[in-house]
Amino acid sequence: MREKVLKILLDHGTLIEPEAADFILKQGDPVGFINNFLEGRGNQPLILTVDDLVPAASLGNLDRPPAPAQAVRENPQTQGTLQTATSENGAVDAPPGKLAGGKTEPGYHIISDVTGSSTCNGSIENFTQYFRDRFRVLRRIIRSHAEMGASVKIAALDAQDREARVIGMVMDVNKTKNGHIGLTIEDDTGELYVLIHKDTELVKETYLKDEVLGFTGRLSSGRSGNGSPDKKGGMFIASAMRRPGIPAIREQRRSSEDAEVVFMSDIHAGSSHFLAEPWLRFMEWLNSPQAAKVDYIVVAGDLVDGIGVYPNQEEELQIHDIYMQYGELARLMAPVPERIRVFLQPGNHDAVRPAEPQPAIQEKFRKGFGPNFTFIGNPCHFALAGVEILSYHGKSIDDLVGQVPGVTYLDPIPPMHEMLKRRLLTVSYGGKTPLAPEARDYMAINPLPDILVTGHVHRAAIHRTSGTTLINASAWQSQTPFQKTHNFNPDPAKIIVVNLKTGRCRMVDFLSPAE
Ligand code: D5M
Ligand code: FE
Ligand code: ZN
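No experiment lies behind these values; they were computed from the predicted model shown. (Residues numbered from 1 in each chain as written. Chains lettered and ligands numbered in written order. Predicted model: local features only at pLDDT ≥ 70, side-chain atom pairs only at ≥ 80, totals over all residues. Heavy atoms only, no water.)

Draft legend 1. Expanded view of the overall build of the chain. Check the secondary structure of the chain and you find 10 helices and 19 strands. A total of 515 residues make up the chain; the buried ones form 59% of that total. Restricting to contacts in the chain with at least 6 residues of sequence separation, those with at least 24 account for 71%. If you sum the accessible surface of the chain, you get close to 20,600 Å²; carbon and sulfur atoms cover 52% of it. (Helix = DSSP H or I, 4+ residues; strand = E, 2+ residues; numbered from the N terminus. Buried < 20%, exposed > 50% of the residue type's maximum accessible area, 1.4 Å probe, protein only. Contact = heavy atoms within 4.5 Å. Areas by Shrake-Rupley, 256 points an atom, 1.4 Å probe, with all protein chains shown as cover.)

The following block contains the structure:
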């Protein structure tokens, strides 16, 4: 199928980015889709991107059941190059359902997940490739904003120009003595010192290392006397800034199936503070007529409490063996009706590498789970009955809470907005959230999902932005002594139910017995 689509494009003289090819293959009728697309538009860009295709997809195709699962878009040999249209053959119609337990069925397919595809060994080359991929993806999104289309490479900036646009990744942020902000940004041609004057609105923004930004401004060839690094004999005085962001209007996909998804998180099986009674009420509810439409459950990480995750955690454990904790999870999940497909994602308490993206838990921990359980990585981008979900445990919220004013543990929605603004689930390397330098950046939010779900903060929240519903799924653990010492107050034992056909969300609370 992929060869067919690529051939049509090649015949047309159009190249395509790997993500865009995957996007086409996800359509109900990929060949029909691309033919219609090419017909419907006269001048094509030389290289098609997902952003070019999304508007066409939202016109049709959406109510159709999703195409059979495609292999996750891994093809390390072709990373970092734009023109992969001819070299990518073979990546391609690989057998679907490569995730263990993830057999293909009409209702769901995995779009992007590191499980089984990790390429990194932590070398310098890995990091270079990783950040190059992040830059490539985010620069493309920034360029899709009209005013940023004419951006130039850093090396091509000219002090003669009255105004120029550049896009770069933030390498360093510092506040000058006079209250200005100095950013060092980098692209594939060089470094640039960007000065954000204290009298502009831009100085109120929070700039994070490793995010990608577009700037409008001018290159000053003279020194400003503030002691800042003076690359290329000048600095760039910013007058406007553009983040990748999300479109103001974007149509959310809806399913033709009247199916519901339960979003939940942070079960922490094995913890002494596991909420056993509310859990039983939840299991009863799942087997009641109220849950008749529930076809899927997504658990966004911290499946078990783990061992040695923080100092003296052993004092808060009921089960001290990691295998037995996963055994307990299987036992807790046993009452889930078999018709429901359950997606189990790891978090920072699970027995997988802490560096993100995290692969799914290993086979040896999957004993006792029925065939309706699918073990996914963190993050994981997948489609349920045609609606795209991006599920991420949310460890990076720990970093955002310290870095971005107004972001607290009390409301999980603001940190999710910060992620969407930057189109990154985890922004900075070297913070509290470890990053693994994979060949491509799984932490980039691309393409935009219909639903973004996180957990980790043990609170429940729902918020709609243009086109993407934000959900933070609650937890099944009451306040631990550790959390108490950190003044962290959870809001546990809640689930969020989303109807994939109508988009409607509801929250169900199991903390206290129903009247
Ligand atoms: O994390 C559950 C929550 O506990 C997380 O969202 C924040 C809070 N937490 C964890 N560690 C700290 C520290 N050091 N300070 C403040 N709050 C914290 P979990 O991954 O379930 O342990
Ligand atoms: Fe947790
Ligand atoms: Zn967590």
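Draft legend 2. Region of interest: the layout of surface pockets. The calculated volume of the largest pocket comes to roughly 630 Å³. Lining the largest pocket are 25 residues, and of these Asn348, Lys395, Asp398, His456 and Phe482 sit closest to its centre. The class makeup of the residues in the lining of the largest pocket is 8 nonpolar, 11 polar and 6 charged. (1 Å grid on protein atoms, 1.4 Å probe; cavity = no way out; pocket = protein on both sides within 12 Å on 5 of 7 lines; lining within 4 Å. Points joined across faces, edges and corners; volume = space filled by probe spheres on them. Nonpolar A, V, L, I, M, F, W, Y, C, P; charged D, E, K, R; others polar.)

Draft legend 3. Representation of the nonpolar core in the model. Of all hydrophobic cores here, the largest spans 40 residues; its most connected members are Met264, Ile267, Phe282, Trp285 and Met333. Sorting the residues of this core by element identifies β9 (260–264), α6 (276–286), β10 (294–300), α7 (322–333), β11 (341–345), β12 (373–375) and β18 (494–499) as the ones contributing at least two each. Element by element, the count of residues in this core is highest for α7, at 6 residues. With 34 residues, the next largest nonpolar core counts Phe135, Val137, Ile413 and Leu425 among its residues. (Core = buried A, V, L, I, M, F, W, Y, C linked by side-chain atoms within 4.5 Å.)

Draft legend 4. Representation of the coordination of the zinc ion (ligand 3) within the structure. Donor atoms from the polypeptide that coordinate the zinc ion (ligand 3) comprise Asp302 (OD), Asn348 (OD1), His393 (NE2) and His456 (ND1), at 2.2 to 2.3 Å from the metal. Each donor residue of the zinc ion (ligand 3) belongs to the same chain, and together they define the spacing D-x45-N-x44-H-x62-H. A distance of 3.2 Å spans the gap from the zinc ion (ligand 3) to the iron ion (ligand 2), which Asp302 bridges by coordinating each metal. Remark: His456 occurs in the loop between β15 (451–454) and β16 (461–464) and Asp302 occurs in the loop between β10 and α7; sequence separation between them is 154 residues. Accessibility assignment for this pair places Asp302 and His456 in one class, buried. (Donors = N, O, S within 2.8 Å, 3.2 Å for Na, K, Ca; no water.)

Draft legend 5. Structural view of the pairing of strand β4 (residues 164–175). Pairing geometry for β4 and strand β7 (residues 212–220), over 6 bridges, is antiparallel. Each residue of the ladder has a partner; that of Met169, found in β7, is Val212. Of the strand pairs in this sheet, β4 and strand β5 (residues 181–187) are connected by 6 bridges, and their pairing is antiparallel. Each bridged residue has a counterpart across the sheet, and for Val173 the counterpart in β5 is Leu183. (Pairing = 2+ DSSP bridges.)

Draft legend 6. Inspection of the environment of Leu317 at higher detail. Within the element layout of this structure, Leu317 appears in the loop between β10 and α7. For the pair Leu317 and Ser271, spaced 46 residues apart in sequence, the C-alpha to C-alpha distance is 4.6 Å. Other than its neighbours up to four places away in sequence, Leu317 contacts Gly270, Ser271, Ser272, Asp305, Gly306, Ile307 and Gln325.

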